[in-house]
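Working through the structure, step by step
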Amino acid sequence: MDIDLPQGYTMIRLLGSGQTSHVYLTQHEQYGEVALKLLRPEIKDVYELTRMFTNEVYLTRRLHHPFIIAAYDGKPTEPGAYLSLEYCSRGTLDQFLLKQRFFDLEISYKLILQIAAGLSFSHKRAILHRDVKPANILLKANGEPRLADFGTGVYIDKVPSNERVGTAFYMAPELFQGAPASVQSDIYSLGILAYELLLGERPFMGKTHEELIFAHLNKMPTNPQHIRPEISSRVSGVLMKSLSRNPDKRFQSVEDFTSALSHASKVSIKLSFEDEGPSVGRSSRQQNSDTPTLTKPEQPNFWQRLFGRNKKS
C-alpha cells in the first residue's frame, strides 16, 4: 500500500503502530532520521481518537525541553495529519523493563530525575500529561529519556471534570473515584514509574481491573527496602510519599519530588534557568526554565553498565 508522506520525508521502515497513528522511521532532508507519526486512516471519523492525535501535535510542539520528545513539525488535523519527532533508537523504557528486573541504582536515579525534569517543565507550562508510564518514556541511543505521548495531555485550567484518562496500573486512586486529574495525580504516576524502575515490579497489582482499582484504593505498597535492601530509608520515604492515597499528602510539585529524591539518593542534576513563567502546582513559588546538565560527568559505558548488572534471572 502506498503511503503518502509529507514533503521532504523519505520512508525507511515501519517502527510500530499505536492507538491513533502508525509510526515510521523516515529520513528528512533537514532533520535527518525522524520518527514520523501518521494518523491512522481508519480512525479519522472517530472523534475521541482524532482529538487525541490533534492534542498530541499541539501540545508536543509547545514543549521544548531536553527530556521531552522534540517535535520538528506537524499538522494536527486531516487531511494529511502528521507529527514528526526526534528518533529514539533504544525504544521505550517499558521494553527494557521487560528484559531485566531493574537497573543499576545510580542509573535509575538519574533516569527518574531526568524524566521528572521533563514533567516538571510540562507542569510549569500548565500542561498535565495524564499518562506517565514507562511505555511513554522513549530512550535515545545514549540512554537519555524523553517524556513522550501527550495525546492525553490537557491544560490545567481546562481539565474535564467527567473524563477518566490514563493507564490503570499508573492512575492515582482519586481518579477512580471521579476526581479530575491534577499535578498530584501526575506525581502519583511518576512515583509508580520510579518504584517500578528501582524495584522491578509495580506497587499495585490485580488479576482483574476491579482488583487493581481496589489495590490502589485500599492497599499499601511493599516497603522498597524489603524488596531491594540497598535502597536507603530516605529514598524509600520519597517513593512512599509520592504514592500516598491522599493527594494532599503527596509532594506539592514535581520539583519538590525531584529535590527530595536528589537529596535522598545523592544523585543530582544541575538546573540552569531561563525565563519560563510561574510554577504550577500547590505551591506558589515562581520558577524558571530547566536546562538540566548532570553534575557528575557522563559515563561513556552507560549501556554496558545498564546491561551488565542486576539482570533478571
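First things first, this report covers the structure right here in the doc.

**Digging into the pattern of salt bridges**
The tally for this structure, following the rule as stated, stands at 14 salt bridges. Among the ionic pairs, glutamate 163 bridges to arginine 51, the shortest N-O distance being 2.6 Å. Taken together, the residues glutamate 163 in the loop between strand S9 (154-155) and helix H4 (173-176) and arginine 51 in helix H1 (residues 47-60) connect sequence positions 112 residues apart. Note on glutamate 163: relative accessible area 22%, which makes it partly exposed. Here arginine 228 and glutamate 230 are joined by a salt bridge, their closest N and O atoms 2.9 Å apart. Looking at glutamate 230, the relative accessible area reads 47%, which means it is partly exposed. Residues joined in a network through salt bridges with shared partners are Glu48, Arg51, Arg130 and Glu163.

**Points about the nonpolar core**
Counting 63 residues, the largest nonpolar core has Leu93, Tyr109, Leu198, Phe257 and Leu261 as its most contacted members. Grouped together as the second largest cluster of nonpolar side chains are 15 residues, Ala35, Ile43, Ile69 and Ala71 included.

**Things to note about the packing of aromatic side chains**
According to the stated counting rule, one finds four aromatic pairs in the structure shown. Taking 6.2 Å as the distance between ring centres and 65° as the angle between the ring planes, the aromatic pair formed by tyrosine 9 and tyrosine 82 counts as edge-to-face. Here the residue tyrosine 9 occupies a position in strand S1 (residues 9-17), and tyrosine 82 occupies one in strand S5 (residues 82-86), the gap between them amounting to 73 residues. Tyrosine 9 sits in the buried class, given a relative accessible area of 8%. A relative accessible area of 11% places tyrosine 82 in the buried class. Geometrically, the ring pair formed by tyrosine 188 and phenylalanine 204 is stacked, given 6.5 Å between the ring centres and 10° between the ring planes. One end of the pair, tyrosine 188, is in helix H5 (residues 183-199); the other, phenylalanine 204, is in the loop between H5 and helix H6 (209-218), with 16 residues separating them in the sequence. Of the two residues examined, tyrosine 188 and phenylalanine 204, each falls in the buried class. The ring of phenylalanine 251 is capped by lysine 241, whose NZ or CZ atom sits 4.7 Å from the centre of that ring.

**Here we look at the environment of serine 122**
Counting through the fold element by element, serine 122 comes out in helix H3 (residues 105-124). Residues within four places of serine 122 in sequence aside, it is in contact with Leu63, Ile68, Ile127 and Phe150.

**A look at the sheet that holds strand S2 (residues 21-28)**
What the five strands build is an open sheet, ordered S1-S2-S3-S5-S4; its pairing is antiparallel. Of all the strands in the sheet, just S1 and strand S4 (71-75) have a single pairing partner and so form its edges. Ignoring strand direction, the axes of neighbouring strands in this sheet form an average angle of 25°. In this structure, S1 lies alongside S2, joined through seven bridges in antiparallel fashion. Bridge pairing in S2 places threonine 10 opposite glutamine 27.

**Concerning the packing of H5 against helix H8 (residues 233-242)**
Where H5 meets H8, the axes come as close as 8 Å, and the angle between the chain directions of the two elements is 140°. In terms of axis orientation, H5 runs oblique to H8. Where H5 crosses over H8, the handedness of that crossing is left-handed. Residue-level contacts link Ile187, Tyr188, Gly191, Ala194, Tyr195 and Leu198 of H5 to Val235, Leu239 and Ser242 of H8. The class makeup of the residues in the contact of H5 with H8 is seven nonpolar, two polar and no charged.

**Quick word on the environment of glycine 16**
Along the chain, glycine 16 turns up in strand S1. With a relative accessible area of 24%, glycine 16 lands in the partly exposed category. Distance from glycine 16 to lysine 37, taken between C-alpha atoms, is 9.6 Å for residues 21 residues apart in sequence. Not counting residues up to four positions away in its chain, the partners in contact with glycine 16 are His22 and Val23.

Scoring rules and cut-offs
Residues numbered from 1 in each chain as written. Predicted model: local features only at pLDDT ≥ 70, side-chain atom pairs only at ≥ 80, totals over all residues. Heavy atoms only, no water. Salt bridge = Lys/Arg side-chain N within 4 Å of Asp/Glu carboxyl O. Helix = DSSP H or I, 4+ residues; strand = E, 2+ residues; numbered from the N terminus. Buried < 20%, exposed > 50% of the residue type's maximum accessible area, 1.4 Å probe, protein only. Core = buried A, V, L, I, M, F, W, Y, C linked by side-chain atoms within 4.5 Å. Phe/Tyr/Trp six-rings, centres within 6.5 Å; stacked < 30°, edge-to-face > 60°. Lys NZ or Arg CZ within 6 Å of the ring centre and 35° of its normal. Contact = heavy atoms within 4.5 Å. Pairing = 2+ DSSP bridges. Axes fitted to C-alpha atoms, helices over the stretch in contact; angles between N-to-C directions. Parallel < 35°, antiparallel > 145°, perpendicular 65-115°, else oblique. Left-handed = near helix turned anticlockwise from the far one by under 90°. Nonpolar A, V, L, I, M, F, W, Y, C, P; charged D, E, K, R; others polar.

The quantities given are spatial measurements derived from coordinates; they are silent on function.
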